[in-house]
Amino acid sequence: MTMARCTRASSDAASDRAMQYRSALPVLETTRLTLRAPVLEDFLLWARISAEPGSEYLDGPATPQDAWTGFCGSVACWHLHGHGPFTLIRRADGAGLGFVFLGYEWADEEPELGWLLAQEARGQGYGTEAATAVRDWGLGLVPSFVSCVRTANAPSNALARRLGAVIDREASARLGGNIWRHGSAPNAVTDLPRDHDEVGR
């Protein structure tokens, strides 16, 4: 895949300055992972995940240009809102596994906790491990946020449930899909019928 110039790092003073800016952002540690703010080289992982099976739940598969727009918009949340995406790095070998973010997308009414995992990292508990750390960190900044999950996306609904989130009934009815709430939970129910995950939006 040929990438545009904007996706490649420089070796000048500006690149050093970018590293200096990133050093002010939080780093979280879990049993198996280091969670840190994205660097430019992480875009290749973001672009790959945005075109893999499962990307249809995020309106994918995305072109490289659309993936770049999504990546930049997500990373900008650090500067604009004080929270944003973390890249998941496996401590055992330094491999990038995906992203967990607390931020805003265009239609979001409040911060959203979301996750993007590479295919090879799915089904091994990395998403739950990383999202738990980001959830706990995020609740120290804001009292409540949501995870917006399409009803047909069974793995992500299961992950939200494992995080202890509850369905916000009013928001789900108004916005569609399952709006899982972390933190204070007005209009929330503790669970869904087990077959609810399998019903398309």
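Anything mentioned here points back to the structure above.
Residues numbered from 1 in each chain as written. Predicted model: local features only at pLDDT ≥ 70, side-chain atom pairs only at ≥ 80, totals over all residues. Heavy atoms only, no water.

Asker: Which parts of the structure should I look at to understand the overall build of the chain?
Answerer: Counting its regular elements, the chain contains six helices and nine strands. For the chain, the spread of C-alpha atoms along the three principal axes comes to 55 × 35 × 35 Å. Each of the 201 residues in the chain was classed as buried or not, and the buried ones make up 43%. Long-range contacts, defined here as pairs at least 24 residues apart, represent 62% of the contacts in the chain between residues at least 6 apart. Side chains of the chain carry 19 positive and 24 negative charges; the gap between the two charge centres is 3 Å. (Helix = DSSP H or I, 4+ residues; strand = E, 2+ residues; numbered from the N terminus. Buried < 20%, exposed > 50% of the residue type's maximum accessible area, 1.4 Å probe, protein only. Contact = heavy atoms within 4.5 Å. Lys, Arg positive; Asp, Glu negative; His and termini not counted. Charge placed at Lys NZ, Arg CZ, Asp CG, Glu CD.)

Asker: Even after reading the chapter, I still don't get the nonpolar core, so can you show me in this structure?
Answerer: One broad trend across soluble globular proteins is that nonpolar side chains are buried collectively. Counting residues in each nonpolar core, the largest one holds 28 residues, and the members touching the most others are Leu33, Leu35, Leu88, Val100, Leu113, Trp115 and Val134. At the level of secondary structure, the elements contributing two or more residues to this core comprise strand E2 (33-36), strand E3 (85-90), strand E4 (96-103), strand E5 (112-117), helix H4 (126-138), strand E6 (144-149) and helix H5 (154-162). Counting residues per element, this core draws most heavily on H4, which supplies five residues. With near-sequence residues (within four places) excluded, Val134 lies in contact with Leu28, Leu35, Phe86, Val100, Leu102 and Leu113. Core analysis: the second largest hydrophobic core is formed by 11 residues, Met3, Leu45, Ala67 and Ala118 among them. (Core = buried A, V, L, I, M, F, W, Y, C linked by side-chain atoms within 4.5 Å.)

Asker: Looking at this model, I keep getting lost on the environment of Trp137. Mind explaining?
Answerer: Relative to the assigned elements, Trp137 resides in helix H4. As for Trp137 and Asn157, which are separated by 20 residues in sequence, their C-alpha atoms are 21 Å apart. Every residue in contact with Trp137, bar those within four places of it in the chain, is listed here: Pro26, Leu28, Trp78, Gly82, His83, Phe86 and Leu102.

Asker: Just to check I follow, could you spell out the pattern of salt bridges for this structure?
Answerer: Pairing between side chains of opposite charge can happen when the charged atoms of each approach one another. Counting across every chain of the model gives 10 salt bridges. Where Arg91 meets Glu29, a salt bridge forms, and the shortest distance between an N and an O atom there is 3.5 Å. Here Arg91 is found in the loop between E3 and E4, whereas its partner Glu29 is found in strand E1 (residues 28-29), with 62 residues between them in sequence. The class for Glu29 is partly exposed, based on a relative accessible area of 47%. One salt bridge connects Glu129 with Arg32, and the closest N-O pair in it is separated by 2.7 Å. Pair noted here: Glu129 is in helix H4 and Arg32 is in the loop between E1 and E2, with a separation of 97 residues, a long-range link. In this structure, a network of salt bridges that share partners links the residues Glu109, Glu170 and Arg174. (Salt bridge = Lys/Arg side-chain N within 4 Å of Asp/Glu carboxyl O.)

Asker: Can you help me understand helix H3 (residues 64-81) in this one?
Answerer: One full turn of an α-helix is made of 3.6 residues, so residues set three or four places apart face in the same direction. With 18 residues, H3 extends 25 Å between its outermost C-alpha atoms, agreeing within 8% with the 26 Å of an ideal straight helix rising 1.5 Å per residue. Where the residues of H3 are buried, they touch helix H2 (43-49), E3, E4 and H4. (Expected span 1.5 Å × (residues − 1).)

Asker: Could you clarify how one ought to interpret the environment of Gly123 in this entry?
Answerer: Take Gly123: it is sitting in the loop between E5 and H4. For Gly123, a relative accessible area of 85% translates into the label exposed. Along the backbone, Gly123 and Pro155 are 32 residues apart, and their C-alpha atoms lie at a distance of 8.7 Å.

Asker: What is the right way to look at the pairing of E3 in this model?
Answerer: Working note: regular strand, side chains alternate between the two faces of the sheet. Here E3 lies mainly inside the structure; five of its six residues are buried. Where E2 meets E3, four bridges bridge the pair, whose relative direction is antiparallel. Within the sheet, the bridge partner assigned to Leu33 lies in E3 and is Arg90. Pairing of E3 with E4, which is carried by five bridges, proceeds in the antiparallel orientation. Across the sheet, Thr87 pairs through a bridge with Phe99, a residue of E4. Adjacent in sequence and paired antiparallel, E3 and E4 are bridged by five residues, among which Gly94 carries a positive phi angle near 75 degrees. (Pairing = 2+ DSSP bridges.)

Asker: Is there a simple way to explain the packing of aromatic side chains in this structure?
Answerer: Each aromatic ring pair is characterised by the separation of its centres together with the angle its planes make. Inspection of the entire model under this criterion finds eight aromatic pairs. Considering the side-chain rings of Phe43 and Trp68, the 5.2 Å spacing of their centres and the 90 degrees angle between planes classify their relative orientation as edge-to-face. With Phe43 in helix H2 and Trp68 in helix H3, this pair connects stretches of sequence that are 25 residues apart. Residues Trp78 and Phe86 carry aromatic rings whose centres are separated by 5.3 Å and whose planes lie at 85 degrees to one another, so their mutual orientation is edge-to-face. (Phe/Tyr/Trp six-rings, centres within 6.5 Å; stacked < 30°, edge-to-face > 60°.)

It is worth stressing that arrangement in space is one thing and function is another; only the former is reported here.
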